[in-house]
Amino acid sequence: MAERAAGGCCLGWDFSTQQVKVVAVDTELKVFYEDSVHFDRDLPEYGTQGGVHVHEDGLTVTSPVLMWVQALDMLLEKMKASGFDFSQVLALSGAGQQHGSVYWKTGAGRVLTGLLPDLPLHKQLQACFSVSNSPVWMDSSTTAQCRRLEATVGGPHALSCLTGSRAYERFTGNQIAKISQQNPEAYSHTERISLVSSFAASLFLGSYAPIDYSDGSGMNLLQIQDKVWSPVCLSACAPHLEEKLGPPVPSLSVVGAVSSYHVQRYGFPVGCKVVAFTGDNPASLAGMKLEEGDIAVSLGTSDTLFLWLREPTPALEGHIFCNPVDAQHYMALLCFKNGSLMREKIRDESASCSWSEFSKALQSTEMGNGGNLGFYFDVMEITPAVTGRHRFSAGNREVSAFPPEVEIRALVEGQFMAKRIHAESLGYRVMPKTKILATGGASHNKDILQVLADVFGAPVYVIDTTNSACLGSAYQAFHGLAARTDLRFSEILKLAPSPKLAAIPMPGVSQEDP
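Residues numbered from 1 in each chain as written. Predicted model: local features only at pLDDT ≥ 70, side-chain atom pairs only at ≥ 80, totals over all residues. Heavy atoms only, no water.

For the chain, an unreviewed UniProt entry supplies the name Xylulose kinase and the organism Erinaceus europaeus. The Catalytic activity (unreviewed entry) field of the UniProt record for the chain holds the comment "D-xylulose + ATP = D-xylulose 5-phosphate + ADP + H(+)". On record in UniProt, under Function (unreviewed entry), the comment for the chain is "Phosphorylates D-xylulose to produce D-xylulose 5-phosphate, a molecule that may play an important role in the regulation of glucose metabolism and lipogenesis." (UniProt positions renumbered as here; feature names shortened; annotations may be inferred.)

Q: Summarise the overall build of the chain; cite the residues concerned and give the values.
A: Looking only at helices and strands, the chain features 20 helices and 24 strands. The C-alpha atoms of the chain give 23 Å as radius of gyration, which agrees with the globular expectation for 514 residues (24 Å, within 12%). A principal-axis box enclosing the C-alpha atoms of the chain has dimensions of 75 × 55 × 45 Å. Burial statistics for the chain: of 514 residues in total, 60% are counted as buried. Summed over its atoms, the accessible surface of the chain is roughly 19900 Å², and 53% of this surface lies on carbon and sulfur atoms. (Helix = DSSP H or I, 4+ residues; strand = E, 2+ residues; numbered from the N terminus. Rg over C-alpha atoms; globule rule 2.2 N^0.38 Å. Buried < 20%, exposed > 50% of the residue type's maximum accessible area, 1.4 Å probe, protein only. Areas by Shrake-Rupley, 256 points an atom, 1.4 Å probe, with all protein chains shown as cover.)

Q: Kindly report on the sheet that holds strand β20 (residues 388-392), identifying the contributing residues and their values.
A: Pairing within the open sheet is antiparallel, and its three strands lie in the order β19-β20-β21. Here the strands that pair on one side only, and so sit at the sheet edges, are β19 (373-377) and β21 (398-399). Across five bridges, β19 lies against β20 in antiparallel orientation. Note that in β20 the partner of Leu373 across the bridge is Phe392. Those strands touched by helix α17 (residues 404-425) are β19 and β20, and its axis lies near 75 degrees from that of β19. (Pairing = 2+ DSSP bridges. Contact = heavy atoms within 4.5 Å. Axes fitted to C-alpha atoms, helices over the stretch in contact; angles between N-to-C directions.)

Q: Help me get a handle on helix α19 (residues 468-481), residues and values and all.
A: For α19, built from 14 residues, the straight-helix expectation of 20 Å at 1.5 Å per residue is met to within 8% by its first-to-last C-alpha distance of 20 Å. In terms of burial, α19 is a largely internal element, 13 of the 14 residues being buried. (Expected span 1.5 Å × (residues − 1).)

Q: So what about the packing of aromatic side chains? Which residues, and what values?
A: Scanning the entire structure with this criterion turns up 14 aromatic pairs. Note on Phe86 and Phe268: the rings are 4.9 Å apart at their centroids and 45 degrees apart in plane angle, and the pair reads as tilted. Of this pair, Phe86 sits in the loop between α2 (65-81) and β6 (89-96) while Phe268 sits in the loop between α13 (260-266) and β13 (273-275), placing them 182 residues apart in sequence. On the basis of relative accessible area, Phe268 is assigned to the buried category, the value being 2%. (Phe/Tyr/Trp six-rings, centres within 6.5 Å; stacked < 30°, edge-to-face > 60°.)

Q: Describe the UniProt feature "domain: Carbohydrate kinase FGGY N-terminal" (unreviewed entry) in the chain, listing the residues and the values that go with them.
A: UniProt annotation of "domain: Carbohydrate kinase FGGY N-terminal" (unreviewed entry) refers to residues 134-287 when read in the numbering used here. Span residues 134-287 is 49% helix and 14% strand, its end C-alpha atoms 27 Å apart.

Q: I'd like a rundown of the UniProt feature "domain: Carbohydrate kinase FGGY C-terminal" (unreviewed entry) in the chain, residues and numbers included.
A: As recorded in UniProt, the sites labelled "domain: Carbohydrate kinase FGGY C-terminal" (unreviewed entry) are residues 296-479. Annotation note: span residues 296-479, helix share 36%, strand share 22%, distance between end C-alpha atoms 21 Å.

Q: A description of unusual backbone geometry should follow, citing residues and the corresponding values.
A: Residues Thr383 and Pro384 are joined by a peptide bond in cis, for which omega reads -5 degrees. By the secondary structure assignment, Pro384 is in the loop between β19 and β20. Phi is positive for Cys353, close to 65 degrees, though the residue is something other than glycine. Following the sequence through the fold, Cys353 ends up in the loop between α15 (340-350) and α16 (355-364). Assessed through its relative accessible area of 52%, Cys353 is described here as exposed. Look at Asn396: it is not a glycine, yet its phi comes out positive at around 65 degrees. If you trace the backbone, Asn396 turns up in the loop between β20 and β21.

Encoded structure:
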């Protein structure tokens, strides 16, 4: 039997690429229930691999919309069977994989508002989508649409200044443009276009949920300063697009109450609030409890930086989104392909395949590496677009090789220096109160984290982010409930688990530029 939350609880949902997941968080911010439905394993009839279908061209990547709906049905039934007490749910919010889009057919809105509680959602919504396979973030088939959008607004930098990013193939505006051009009949029969996040929220609302500012920033359509759809971008992508998108809303908006369908079928309380759903990356920022000046570094196969910005400086590299936690601020995302795999290669070449030897090399070399510097890109990098290994001696001359211990420190220092430089190019500044939150595989290596602390001149903390998007969604639900009280996010979350200190800068390290 599922435990009860005596003082009520909030639910956080995550509609990710491979699964739908939920956590229940009580008023003391403790997780007391979690479960998931894995698309490949639990819904094999849809034939997905990794939750998606990769088409023959190798560029088009989609997911069946009804699979997402049926996964929600399955998960709600699992909760019900476990004895979960839905009557305790005060509010819910959720996250969706960013950039994916859902196309509701003309008349679908009427079906949503008239759902029958004795039938599962996927049975009632079968005929509600004009495009049955939704393009997702892995799709890269819209290069022509990207170039046209950039040309229309005056080039990639102009688009970045307007929408927070240059044109990217996975971004929703370019995906909508492709569907409008290649499948005009389906587009003309579409009454509403949702992001995965607002689509999922609609399933709970029983009506079309609005797109929130933060997830809307990943479309190449939203003017991030004014927080309105850009007329020039809309017209460059598809006709009648503004009416199909509906007006965007702040990320902490209470967009309504759960529909009578969920009240009658599962026992949700009539007053249970739905707080706007957002993208998985913005929800993760909330789940990691980032505050102004903080930075999160995910050290995985690729390395990702999450930044909290007050005054963003859009650039050709990286993405700037409206901040989901504070409507006056922004967040930025930077992705680096040469992450753990590059560290593992240098470990194998210079430390006899041993992380212990790799750590000894970092311990035996001085901060600054005697002026020796290296940048290592075995695969084409995203930030910046460059490849190859580039080593520079203390005299700033390019050299072909370093001794093993110098090579290891050059790699790690170079990776973190590049991250700081690119972060600062987007407007980020290290502040006296800055915390760095490290996650991912390399965050278990204290010597790598020491270098991170030294390069940024700030303490490094580690945090468990297994459920960061789900947790962030539940936190957003609590935050949405308290929005009218003007309580700050950090005050609402003071009971949430705190990160653990892992490294502090060496004596003498300043926060000035590296």
